[in-house]
Amino acid sequence: MDRIYNSLVRGQNVLFEGACGTGKTLSALVPALEVAREQDKTVVITTNVHQQMRQFVAEARAITREESIRAVVFKGKSSMCHIDVGYEECQALRDNTRALVEAESDHAQLEQRQRDLLAESQAGSESAADARAAVMDELENLEEQIDDLEEANVCDHYRNNLLDTEATDEFFGWLFEDVRTPDEIYEYADQRELCGYELLKEGLEGVDLVVCNYHHLLDPMIREQFFRWLGRDPDDVIAVFDEAHNVEDAARDHASRECSERTFDSALDELAETEDPRTDDAANVLEAFRDALVETYEDSFGFGQRESVGDNWEDVPISNENRRDDLTLAFLQAYSGQGIEGDLEAARKLGQHLDEKYEEAYREGETATRTECQTLEAAAFVAAWMDEGTDQGLYPVVSVRRDAGTDEVYGQAELYSCLPRHVTGQLFEAVSGTVLMSATIQPFEVTENVLGLEECVTMAYGLQFPEDRRRTYAVETPALFASARDDPDVQAAVEEAIYDAVRMTPGNTLAFFPNYGEAARYAERLESRTDATVYLDEPGVGAEELRQQFVADEHAVCCTSLWGTLAEGVSFDGDDAHTVLVVGVPYPHLDDRAEAVQEAYDVAFEGTDTGWRYAVEIPTVRKTRQALGRVIRSPEDVGVRALLDRRYSRRAKSDLGTYSVNGTFPHEEREELLDLDPEKLKFAMMNFYGDHDRYAGEPPAP
Ligand code: SF4
């Protein structure tokens, strides 16, 4: 804590790796809050893992019992609006409501003035009579204004926020009595017909601690507003990121931009209904892009591929060696007109004009919802596609999906951002200091490079629990290269090791595979020989339900994908599971985006194979380490963690060369990793669990 405190005092960034159960959250929060108190700053702690949010609330509550701090848990409007409207609509509703409330207040004041003047004129004052006549005129005008506003759209919840000061004072009293969850706030506000979200925004100003989601800090637009609500400059904020190994992917998503074929269709419909000299130019350029998009994905389909497009977005290949992508080429081919730039400018200007009109119509109650201008959105996207599509770190993508309702296949264009530091670099530079914590954030220099962090202080703490209560094995089963997965000998050897591990475990075993297909393959093979119950996690299966059935069992194995939902943020405490297996080195399937990230990293970072190492190998090993951390969650837990693939072993390092991943594990974990012949796994496990008296009776015969 002292090191974190000193680093934050100096305005540095901290990379903090601590195994599960090492109390990372408190170790970061306590010194961060101390610095914030001394330097009048606000601590913002963020996560993208739902379960962690609950954990933060518990930690924040514990801190508020000891220290008088004001802590708020903040969530996006979409889940907190009481009348389910979007961002733009809410904005217009609030403007109208505020105008109405102000007009009513002015009316009440004038009404009082009018009464006073009446009394004075009845007492004989002529000047009062004249003044009253003027006030009556003003009142008449105001009444008309109020009638208009009442007919327009207003939000009653927000109106009560503005009018019922007694209720809002009570709300803030209640809010800061404890750390309230967004659900509690919603319920409290709903019962009193207030808007909890807007009150919470007001309540943010000057608080000591905010718990929120990644996007409040990673999305550049949301971040700007968020800091405004806090009443803080970025420099007054200490940012703490939990599960920080996820920041890389999350930042990439926040930096990417997309526009669907539907948006282009709506823009063209919008333009067809608009009378304006700019409509032809705008429609010309947007139609050419839309047609090029359709042509691009249609041309990419091989025989039967169109029919097999599913509900989720699937990328189609569009990249070309040494020239622009297929969509841009098709667009340039399809476009004929005075000039793309000029037409896009016309589209953008017209879009802005339409957008202002929609805003006005909504405010005045002419429309029940706030229309969003599709022309503006489509034009801005095409301009970005043409101007930035070849920028380093941006990768143009086309994807398709099937509308489950209409069965139609439609496409989307996306400028995928490969380099997360485009988003994170600015953030880390702007805030006062940052703590990035995770159980798997090493190698530190890679995290620093990828996220654009400077002046970092790094610290790592391994599992603090007694070492003799766990074993970590690198079992030298054959390397499960993708090309070897169908090899019967490899399958038999891998199956045997899994079977031994399950059999020798006095309780449940969690087995992670490179994908759901491999999980299903070995689950089926195990079914026929083990007396343990075999649970198979499949995509689309409720993971929590499966987890509950599994942990309720006494001798079971759960086969799942390392890239599924059970590998992270889900704990298996105590007797929930004793052994965890990671089968193979579970490299993800490398699609074009992943290749683009690798290429971008190769260019952006010095060194050999940085693309592969930074973008594939290191994230895979981090994920593997996350999976290993699902068991042994307290000092009392006893368990075995086994990596089944010789690429993990120290012994095989020299003959496997660059295929070995042993060196990618942090030093302290490598030290714990014991190389083991597959035939010896059952003996090693029997001895280990036997020594800890874990078998109910005699251990199984090896
Ligand atoms: S003010 Fe609150 S309740 Fe009203 S529209 Fe906005 S978020 Fe929804």
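Before any of the text, the structure's been laid out above.
The notes below deal with the structure included here.

Rules of the game
Residues numbered from 1 in each chain as written. Predicted model: local features only at pLDDT ≥ 70, side-chain atom pairs only at ≥ 80, totals over all residues. Heavy atoms only, no water. Pairing = 2+ DSSP bridges. Helix = DSSP H or I, 4+ residues; strand = E, 2+ residues; numbered from the N terminus. Axes fitted to C-alpha atoms, helices over the stretch in contact; angles between N-to-C directions. Contact = heavy atoms within 4.5 Å. Parallel < 35°, antiparallel > 145°, perpendicular 65-115°, else oblique. Left-handed = near helix turned anticlockwise from the far one by under 90°. Nonpolar A, V, L, I, M, F, W, Y, C, P; charged D, E, K, R; others polar. Near = heavy atom within 4 Å. Core = buried A, V, L, I, M, F, W, Y, C linked by side-chain atoms within 4.5 Å. Buried < 20%, exposed > 50% of the residue type's maximum accessible area, 1.4 Å probe, protein only. Polar contact = N/O pair within 3.5 Å; in protein donor to acceptor, adjacent residues only side chain to side chain.

**Quick word on the sheet that holds strand β14 (residues 533–536)**
The strand order across the open sheet formed by seven strands is β14-β15-β13-β16-β17-β12-β18, and the pairing between neighbours is parallel. Each of the sheet's edge strands pairs with one partner strand only, and the pair in question is β14 and β18 (673–676). Adjacent strand axes in the sheet meet at a mean angle of 20°, parallel and antiparallel pairs treated alike. Two elements, strand β16 (residues 579–583) and strand β17 (residues 639–644), share five bridges in a ladder whose sense is parallel. Each bridged residue has a counterpart across the sheet, and for V580 the counterpart in β17 is R641. Across the sheet, helix α21 (residues 516–527) lies against β13 (509–513), β14 and β15 (556–561), angled at about 155° from β15, the strand it touches most. Packed onto the sheet, helix α27 (residues 681–691) meets β12 (470–475), β16, β17 and β18 and runs at close to 175° relative to β12.

**Quick word on the sheet that holds strand β1 (residues 13–18)**
Taking strand neighbours across the sheet as the criterion, the seven strands line up as β3-β4-β2-β5-β10-β1-β11 in an open arrangement whose pairing is parallel. Whereas interior strands pair on both sides, the edge strands pair on one side only; in this sheet they are β3 (71–73) and β11 (456–461). Each adjacent strand pair in this sheet contributes to an overall mean axis angle of 15°, direction not counted.

**Examining the packing of helix α15 (residues 326–334) against helix α17 (residues 374–388)**
Between α15 and α17, whose axes approach to 11 Å, the crossing angle comes to 110°. When the interaxial angle is binned, α15 and α17 end up roughly perpendicular. Handedness of the crossing formed by α15 with α17: left-handed. Taken together, the residues of α17 that come into contact with α15 (itself represented by L327, T328, F331 and L332) are V382, W385 and M386. For the contact of α15 with α17, the per-class residue count stands at six nonpolar, one polar and no charged.

**Section: the environment of H157**
The residue H157 is located in helix α6 (residues 156–163) in this model. Distance from H157 to T530, taken between C-alpha atoms, is 60 Å for residues 373 residues apart in sequence. Excluding its chain neighbours within four sequence positions, the residues that come into contact with H157 are H82, I83, D190, E193, L194 and C195.

**A look at the site of the ligand**
In the neighbourhood of the ligand, the contacting residues comprise K77, C81, H82, I83, V85, C90, L93, R94, C155, Y158, C195 and E198. With three residues, helix α4 (residues 87–122) is the largest single contributor of residues to the shell around the ligand. Here the shell around the ligand is composed, by residue class, of eight nonpolar, one polar and three charged.

**Brief notes about the nonpolar core**
Core analysis: the biggest nonpolar cluster contains 59 residues, and F74, V210, F226, L230, F241 and L436 have the highest contact counts within it. Discounting residues that sit within four places of it in the chain, F241 has contacts with T46, Y214, L217, L218, V247, L427, F428, T434, V435, L436 and M437.

**Focus on the side chain of N246**
With respect to the helices and strands, N246 occurs in the loop between β5 (237–241) and α12 (247–255). Residue class for N246 comes out buried when judged on its relative accessible area of 16%. Within the structure, the side chain of N246 is placed 3.4 Å from the side chain of N48, a separation counted as a polar contact.

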